[in-house]
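# Results of the structural survey
Listed below are the residues making up each chain.
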Amino acid sequence: MKTAGLIILCVCSLNLFAQNKYGLTAMKLEEYKKSVVANPENELINLEKFVPGLALEIRYATTNNFTGKKIYALARAYARKPVAESLKKIQADLKKQGLALKIFDGYRPYSATVMFYETYHDTTYVASPYKGSRHNRGCAMDLTIIDLKTGKEIPMPTEYDSFKKEAWPTTPVADPVIRQNRKTLIDAMEKHGFKVNASEWWHFDFVGWQKFAVMDIDFEELEK
Ligand SMILES: [Zn+2]
C-alpha cells in the first residue's frame, strides 16, 4: 500500500513539472536550441543588432509600465527570424519618410505573462496564461514610430499600454495628424505580414504565429 501511494505521488509531481498550474508547457533553453537546429526560422534574433537604426524603449526593463515593477533584468528586444526580417523591411520603408520604429517590447518570457495576468486579471489587455501570449512565441511586437529629425515619438491616440478605448485602432480620432500617424504605423506593419491588435494600436501579431511555440527563456539565458 505504501509503495502504491509513493508511485502515485511521483506521477503527480512529474506531471506538475511538465506543465505549469495553467496547464501549459513552455519551452526552455535546451529544447529551444534543438528547435533552432531543426528549423532556423525558430531563432530569436536580437533586433537592436539586426535592424539598422532601431530605437528601443523596453518599458518592462524599467518601472515605467502598468505593473510599476521592473520585469526584465536586461533591456532587450528579440523576435523570431521571419519577424525580424519583416521589421527590417518596415524600417527601410519608414526611413524613406524620415521615420523609424521604436520598440517597447518583443519576445516576452512566459513567466512575465503569468505575472501580468496575476497582477491584472482582465484578458482584454493581458494574455491568458492558459494559452500564453503571442509575445511568448516571439511573434508579437509592441512599437511606435519616431521622427528621425527629432528622435521623438510621433503623436498617437494614447500612451503605450493604455487600457482606454482610445487605444483601440478602430476608435475614431478627431485630430487629423494623430489619425494619419496611427494609419502610417498600421499600414507600414500590415504591408509586411503583421496584423494590428483589436484593442491596442501599438501591438502587432506576426501572421503565422501559430507555428511557433510558447517559450520561457529569459534574456540572460539567451545571451549566455
Ligand atoms: Zn503586445
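Given the structure is predicted, the values throughout are model-derived calculations rather than measurements.

### Notes on unusual backbone geometry
- Located in the positive-phi region is Asp161, a residue other than glycine, with phi close to 65°.
- Looking at the element boundaries, Asp161 is found in the loop between strand 5 (140-147) and helix 6 (176-191).
- Asp161 sits in the buried class, given a relative accessible area of 13%.

### Some details on the pattern of salt bridges
- Taken as a whole and assessed by the stated rule, the structure comprises 14 salt bridges.
- The salt bridge partner of Glu118 is Lys21, with a shortest N-O separation of 2.9 Å. Of this pair, Glu118 sits in helix 5 (residues 110-119) while Lys21 sits in the loop between helix 1 (2-18) and helix 2 (29-38); the two residues are 97 residues apart in sequence, bridging distant segments of the chain.
- Lys21 gets classed as exposed once you look at its relative accessible area, which sits at 64%.
- A salt bridge links Lys195 to Glu190; the shortest N-O distance between them is 3.5 Å.

### Some thoughts on the coordination of the zinc ion
- Around the zinc ion, the donor atoms from the protein are His135 (NE2), Asp142 (OD) and His203 (ND1), and they sit 2.0 to 2.1 Å away.
- Each donor residue of the zinc ion lies on one chain, and together they are spaced H-x6-D-x60-H. Residue His135 is found in the loop between helix 5 and strand 5, and its partner His203 is found in strand 7 (residues 203-206); the two are separated by 68 residues along the sequence.
- Overall, the relative accessible area of 7% leaves His203 in the buried class.

### Comments concerning the sheet that holds strand 7
- Judged by pairing direction, the sheet is mixed, and its five strands sit side by side in the order 2-4-5-7-6 without closing on themselves. Looking at the sheet topology across the chains shown, the edges are occupied by strand 2 (55-56) and strand 6 (194-196).
- Where helix 4 (residues 81-95) meets the sheet, its contacts fall on strand 4 (99-105), strand 5, strand 6 and strand 7, and the angle it forms with strand 4 comes to roughly 145°.

### Some thoughts on helix 2
- Those residues of helix 2 lying buried are Leu29, Tyr32, Ser35 and Val36. Down the axis of helix 2, the buried side of the element spans an arc of 115°, and every buried residue falls inside it. Turned more than 90 degrees away from the buried face of helix 2 sit Glu30, Lys34, Val37 and Ala38, all of them exposed.
- For helix 2, the secondary structure elements touched by its buried residues are strand 1 (44-46), strand 3 (78-80) and helix 7 (219-223).

### Notes on the side chain of Asn42
- Mapped onto the elements of the fold, Asn42 is located in the loop between helix 2 and strand 1.
- A relative accessible area of 12% places Asn42 in the buried class.
- Excluding anything up to four places from it in sequence, Asn42 contacts Tyr32, Ser35, Val36, Arg80 and Phe212.

### Some points on the pairing of strand 4
- For strand 4, the tally of buried residues reaches seven of seven residues, placing the bulk of the element in the interior.
- The pairing of strand 4 with strand 5 spans six bridges and is classified as antiparallel. Bridge pairing in strand 5 places Asp105 opposite Asp142.

### Looking at the pairing of strand 5
- Extensive coverage of strand 5 is indicated by the burial of seven of its eight residues.
- Where strand 5 and strand 7 come together, three bridges link them in antiparallel fashion. For Asp142, the partnering residue across the bridge sits in strand 7 and is His203.

Reading the values: the criteria
Residues numbered from 1 in each chain as written. Predicted model: local features only at pLDDT ≥ 70, side-chain atom pairs only at ≥ 80, totals over all residues. Heavy atoms only, no water. Helix = DSSP H or I, 4+ residues; strand = E, 2+ residues; numbered from the N terminus. Buried < 20%, exposed > 50% of the residue type's maximum accessible area, 1.4 Å probe, protein only. Salt bridge = Lys/Arg side-chain N within 4 Å of Asp/Glu carboxyl O. Donors = N, O, S within 2.8 Å, 3.2 Å for Na, K, Ca; no water. Pairing = 2+ DSSP bridges. Contact = heavy atoms within 4.5 Å. Axes fitted to C-alpha atoms, helices over the stretch in contact; angles between N-to-C directions. Arc of directions from axis to C-beta.

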